[in-house]
Amino acid sequence: MQADNKLIKDLTPEIENTSFKWYITFFTFLGFFALGIYGLIQQIDKGHIVTGMRDNVVWGFYIVNFIFFMGLSYSGALISGVLHLFHTGWRKPVIRMAELITIISLIIGPFFIFFCIGRLDRLYFLFIHPRIQSPITWDVIAIMTDLVGCFIYLYLSFIEDFAILRDYKGLKVPPWKKKLYKVLSLGFTGTEKELKILANARTIMSVMIIAIAIIVYSVLAWIFGVTLQPGWHSTIFGPYFVIAAVFSGTGLLIILMWIFRKVYHLEEYITKRHFVNVGVLLTVIAAFYGYFTFSDYLTKWYGSIKMDSILIDKLFSDYYSLFIFANYIGIILPCIIIAFPRFRTIPNITVAAVIALIALWVNRYIIVIPTLETPFLPIQDTRPDWINYSPTWIEWSLTLAGVSVFVMLFMLVSKIAPIISISEMQEQDKNEILK
Amino acid sequence: MKKNISFTILLISSLFLIASDLYSQDKALISPYIQLQYFKNTDDNRVLKTTLTYSLNRMELPLAGMEIAFYSDGENNDLLGTGITDDKGAVKFELADDLKIATSNDGMWTFNTVFKGNDTIEAASTEIAVKDVTLVVTYTEPDSIKTITVKSYSLIAGKEVPAAGEPVIIYLPRMFSLLQIGEITLDDNGTGSLEFPGDLPGDKEGNINVITRFEENANFGNVEKQKLLKWGLPTDYSLPTTHRALWTKTAPKWMIYTLSVLLTGVWGHYLFAIISLIRIRINAKRKEEEDNYGK
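Student: Looking at this model, I keep getting lost on the overall build of chain B. Mind explaining?
Tutor: The helix and strand inventory of chain B stands at two helices and 16 strands. Within chain B, residue pairs in contact and separated by at least 24 positions form 52% of the contacts whose partners lie at least 6 positions apart.

Student: Just checking my understanding: could you explain the overall build of chain A for this structure?
Tutor: Along its length, chain A carries 16 helices and zero strands. Counting the 435 residues in chain A, one finds 43% classified as buried. Here the contacts in chain A between residues at least 6 apart in sequence split such that 83% fall between residues at least 24 apart.

Student: For this particular structure, what's the right way to read helix H10 (residues 272-303) of chain A?
Tutor: Side chains of residues three or four places apart in an α-helix project in the same direction, reflecting 3.6 residues per turn. Residue and element names in this part refer to chain A. Here H10 contains 32 residues, and its C-alpha end-to-end distance of 46 Å stays within 8% of the 46 Å for a straight helix at 1.5 Å per residue. Residues of H10 that are buried: His274, Phe275, Val278, Gly279, Leu282, Ile285, Ala286, Tyr289, Phe292, Thr293 and Lys300. Buried residues in H10 make contact with helix H4 (92-116), helix H9 (237-263), helix H11 (306-315), helix H12 (320-339) and helix H13 (346-372).

Student: What am I meant to see in unusual backbone geometry here?
Tutor: Leaving glycine out, the prevailing phi sign among residues is negative, and the prevailing peptide bond configuration is trans. The phi dihedral of His265(A) falls on the positive side, at around 50 degrees, and the residue is not glycine. Structurally, His265(A) is set in the loop between H9 and H10. On the basis of neighbour counts, which here come to 11 C-beta atoms within 10 Å, the residue His265(A) falls in the exposed class. For Asp44(B), which is not a glycine, the phi torsion comes out positive at approximately 65 degrees. Looking at the secondary structure, you find Asp44(B) in the loop between strand S1 (33-40) and strand S2 (46-56).

Student: Would you explain the sheet that holds strand S8 (residues 124-131) of chain B in this entry?
Tutor: Adjacent strands of a sheet form backbone hydrogen bonds with each other and so pair up, either parallel or antiparallel. Residue and element names in this part refer to chain B. If you trace the four strands from one edge of the open sheet to the other, you get S5-S4-S7-S8, paired in antiparallel fashion. Looking along the sheet, the strands with just one partner apiece sit at the ends: strand S5 (78-84) and S8. Strand-to-strand, the axes of this sheet are offset by a mean angle of 20 degrees, without reference to chain direction. Judged from the eight bridges that link them, strand S7 (residues 108-115) and S8 form a sheet pairing that is antiparallel. By the bridge assignment, Phe115 is partnered in S8 with Ala124.

Student: I tried to follow the interface of chain B and chain A on my own but got confused; where do I start?
Tutor: It is common to report an interface's size as the accessible area lost on association of the parts. If you look at the interface, chain B gives 26 residues, while chain A gives 24 residues. Among the secondary structure elements, those contributing two or more residues to the side of chain B that touches chain A are strand S3 (59-62) and helix H2 (253-294) of chain B. Take the side of chain B that touches chain A: its biggest share by element is 20 residues, from H2(B). Per-class residue counts for the side of chain B that touches chain A are 15 nonpolar, four polar and seven charged.

Student: Even after reading the chapter, I still don't get the packing of helix H3 (residues 61-85) of chain A against H9(A), so can you show me in this structure?
Tutor: Any two packed helices are characterised by the angle at which their axes cross and by the distance between the axes. All names here are of chain A. Two numbers describe how H3 lies on H9: the axes approach to 7 Å, and their chain directions differ by 80 degrees. In terms of orientation, H3 lies roughly perpendicular with respect to H9. Where H3 abuts H9, its residues Gly71, Leu72, Tyr74, Ser75, Gly76, Leu78 and Ile79 lie against Ala244, Ala245, Val246, Ser248, Gly249, Thr250, Leu252 and Leu253. For the contact of H3 with H9, the class distribution of residues is nine nonpolar, six polar and no charged.

Student: Looking at this model, I keep getting lost on the pairing of S2(B). Mind explaining?
Tutor: It is a general feature of regular strands that their side chains alternate between the two faces of the sheet. Residue and element names in this part refer to chain B. Examined bridge by bridge, S1 and S2 share eight bridges and lie antiparallel to one another. What sits directly across from Tyr38, in S2, is Leu48. Connecting S1 to the antiparallel partner S2 that follows it, the hairpin turn spans five residues, and Asp44 within it adopts a positive phi of roughly 65 degrees. Taking the residues that link successive antiparallel strands as the turn, the S2-S3 hairpin has two residues, and the phi of Asn57 there is positive, at about 50 degrees.

Student: Please clarify how the environment of Leu7(A) should be interpreted in this entry.
Tutor: Residue and element names in this part refer to chain A. Relative to the assigned elements, Leu7 resides in helix H1 (residues 5-11). Along the chain, Leu7 and Ser423 lie 416 residues apart, while their C-alpha atoms are 9.7 Å from each other. Ignoring sequence-local partners within four residues, the contact set of Leu7 consists of Ile422, Met425 and Gln426.

Student: For this particular structure, what's the right way to read the nonpolar core?
Tutor: Considering soluble globular proteins, one finds that nonpolar side chains tend to be buried as a cluster. Core analysis: the largest hydrophobic core is formed by 121 residues, its most contacted members being Tyr217(A) and Leu253(A). With sequence-adjacent residues up to four places away left out, Leu253(A) is seen in contact with Ile79(A), Val94(A), Met97(A), Ala98(A), Ile101(A) and Val278(A). Ranked by size, the runner-up nonpolar core spans 24 residues in total, among them Leu95(B), Val133(B), Leu186(B) and Ile208(B).

Student: Explain the pairing of strand S15 (residues 208-217) of chain B to me, please; I cannot follow it from the model alone.
Tutor: Residue and element names in this part refer to chain B. Bridge count between strand S12 (residues 167-173) and S15: three bridges; the pairing is antiparallel. Of the residues in S15, the one forming a bridge with Ile169 is Arg213. Relative to strand S16 (residues 221-229), S15 is paired through eight bridges, and the arrangement is antiparallel. Each residue of the ladder has a partner; that of Asn217, found in S16, is Gly221. What sits between S15 and S16 in their antiparallel hairpin is a turn of three residues.

Student: Could you clarify how one ought to interpret the confidence of the model for chain B in this entry?
Tutor: Residues and elements named next belong to chain B. Of the residues in chain B, 89% have a pLDDT of 70 or more, and the chain-wide mean is 87. Per-residue pLDDT, averaged within each element of chain B, yields its smallest value for helix H1 (residues 2-24) (53) and its largest for S1 (95). Long-range and interchain partners of residues 20-25, a stretch whose pLDDT sits below 50, account for zero contacts in this model, where long-range means more than four residues apart. Overall fold confidence (pTM) sits at 0.70, and the ipTM for the predicted complex is 0.87.

Student: Sorry if this is basic, but what is going on with the packing of helix H6 (residues 135-167) of chain A against helix H7 (residues 175-184) of chain A here?
Tutor: Residue and element names in this part refer to chain A. Orientation of H6 relative to H7, taken along the N-to-C sense of each, is 135 degrees, at an axis distance of 8 Å. As the angle between them shows, H6 and H7 are arranged oblique. In the crossing of H6 with H7, the sense of the turn from one axis to the other is left-handed. The residues of H7 that touch H6, namely those facing Phe162, Leu165 and Arg166, are Tyr181, Lys182 and Leu184. Class assignment for the residues of the contact of H6 with H7 results in four nonpolar, no polar and two charged.

About the cut-offs
- Residues numbered from 1 in each chain as written.
- Chains lettered and ligands numbered in written order.
- Predicted model: local features only at pLDDT ≥ 70, side-chain atom pairs only at ≥ 80, totals over all residues.
- Helix = DSSP H or I, 4+ residues; strand = E, 2+ residues; numbered from the N terminus.
- Contact = placed C-beta atoms within 7 Å.
- Buried ≥ 20, exposed ≤ 12 C-beta atoms within 10 Å, placed from the backbone.
- Expected span 1.5 Å × (residues − 1).
- Pairing = 2+ DSSP bridges.
- Axes fitted to C-alpha atoms, helices over the stretch in contact; angles between N-to-C directions.
- Nonpolar A, V, L, I, M, F, W, Y, C, P; charged D, E, K, R; others polar.
- Parallel < 35°, antiparallel > 145°, perpendicular 65-115°, else oblique.
- Core = buried A, V, L, I, M, F, W, Y, C linked by C-beta atoms within 7 Å.
- pLDDT = per-residue confidence, 0-100.
- Left-handed = near helix turned anticlockwise from the far one by under 90°.

Here it is, written out as structure tokens:
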């Protein structure tokens with residue numbers, strides 16, 4: 001398969017040569033990762049007592065991170081699936097990033113569950129004694145199904161690019177990389193028949209990916225929703241989680257677009273139009289997300305069930321600033337920035353995305369922690385530090401390690417595959433020529 | 001400059017001295033908290049219970065394996081016996097029925113409990129004074145109204161002295177704790193009564209265990225009477241047997257069908273995608289062979 005030389009060179013900036021900046025960045029994040037590993041060793045050695053989790057708050061940062069990363073993954077799948085399925089014209093430079101968000105977050109997320117489990121040696125019990133009635137079993141099945149589906153979908157989208165890199169004579173890479181492209185491209189040559197088979201498979205998988213993302217993230221929401229805990233027992237938790245996930249994923253997509261554009265000088269490919277389009281998407285989702293949030297808290301407040309009232313009081317007292325940031329500033333500010341054309345600059349849209357992303361993480365925090373701090377049955381002789389959660393450096397270090405792995409995996413992928421799909425961009429060129 | 005260096009050395013040395021001084025300090029002895037309680041149960045057995053605890057980080061922790069001595073009569077200090085505290089820091093001593101204990105003029109017995117202390121824990125002791133009291137509880141149903149009548153008195157110098165003005169509490173054991181049904185304040189004759197509610201669930205036969213108590217009473221300690229009565233509503237707590245529910249080994253059928261259909265649908269599409277990849281590979285191989293043949 002052939003492609004324009006400039007296109008290949010521009011979209012594969014790290015495949016041939018590794019810049020000094022790349023090494024510096026990679027090893028910095030590797031350092032953060034090492035700190036997380038040290039924290040994990042401490043936790044395994046001394047037990048969960050080194051974390052802030054106690055008798056009441058048995059889920060802390062780890063579950064918050066798990067939900068957050070899984071949300072990013074599902075939103076990546078949803079965004080890339082929808083963009084592909086509806087052949088959105090401007091999708092091409094951003095679709096690969098959405099696909100990578102899906103896979104990388106899906107790899108990182110479940111590790112936070114492992115950090116949370118006290119008896120990891122009994123993890124296999126989930127597989128040898130599964131109970132279909134348990135939402136945890138649904139989640140295990142769902143995540144594994146999603147992981148396989150996302151890998152297939154990602155691979156389908158990479159085949160054409162691998163074939164292009166295999167056939168590109170000017171590519172100066174080690175022989176193992178050439179061999180890798182040859183194996184991974186499956187001998188794809190771009191004949192009409194092959195293109196048709198691939199297009200069919202991609203369309204079907206994009207439909208599947210959308211459906212799975214919605215179901216799987218709903219399953220995660222039901223883990224909370226099916227319990228009778230104050231704040232969690234909600235019928236709208238499934239769609240609420242899905243909308244929140246897309247909100248955070250869209251925010252992350254904008255941030256990644258900004259980083260890649262800046263670092264690899266992709267101004268020609270990722271333009272203001274892409275930022276505005278994804279930004280408008282962010283605003284629309286923010287409106288839906290705000291509506292769901294309001295609806296959820298309104299019904300709880302109006303119901304005046306004792307424990308729900310205590311929880312809402314807690315949110316508006318102990319968690320006041322976090323609550324306001326997550327559910328007011330995090331929704332309204334991005335909307336204002338993007339809604340007014342005057343504010344719609346690339347840096348502004350990126351700032352809005354950063355606010356949305358952090359707000360979503362905080363939202364997860366105030367969903368998990370205050371509820372666990374509001375138990376139905378108070379335990380006897382409880383000290384305040386057993387009731388109130390505050391994360392330790394170990395939880396912070398593992399959170400940082402999770403973010404670092406996300407960055408490092410993105411960097412490693414950029415060493416092997418194009419960061420923007422060459423085949424998709426080529427198609428765009430063809431279309432433009434035809435026009 | 002020289003002055004600065006000297007000052008720094010002096011400061012560091014001082015810090016070292018303070019730190020070593022802190023280290024060399026002996027560990028402070030634990031100050032225990034000792035509590036003595038008196039119980040007279042439904043069979044008129046009398047028990048002394050001592051609890052030995054200490055406070056660490058605002059938490060009350062038990063002192064297990066400690067020897068506790070029990071004495072009667074504060075002045076003479078007659079040793080009744082000793083015991084070792086259990087995991088909860090508690091030790092019980094049952095008073096023999098025929099035990100003769102000297103009483104004060106107002107009929108009070110005085111009991112002492114002593115922990116001698118050891119290398120790490122300070123000694124501790126406490127005493128209580130209680131009056132032996134008789135609690136008579138009768139259960140009647142005049143005009144179908146279930147009524148509990150309580151009479152209580154002490155024998156002082158062979159004379160019955162009513163426990164006037166003292167509170168008696170009626171309890172029912174429920175799933176997690178005791179449910180208080182009511183409180184009777186005894187009149188000048190040491191008597192009182194309470195109408196028992198008729199809508200409380202009992203077991204299958206309607207049995208309920210009624211507990212009547214002087215609780216942590218300043219004069220009598222803890223004295224109780226229990227009686228199993230058919231005063232509750234017969235209630236069958238067993239759930240209808242079901243083979244497929246959330247809590248059974250086998251899942252409900254709808255759940256298995258839904259999961260099977262979903263998984264078959266999804267994995268079926270995965271299979272289609274994988275077959276597509278295989279078709280691409282086969283097609284490419286065929287083309288390669290054709291090209292090679294052409295050459």
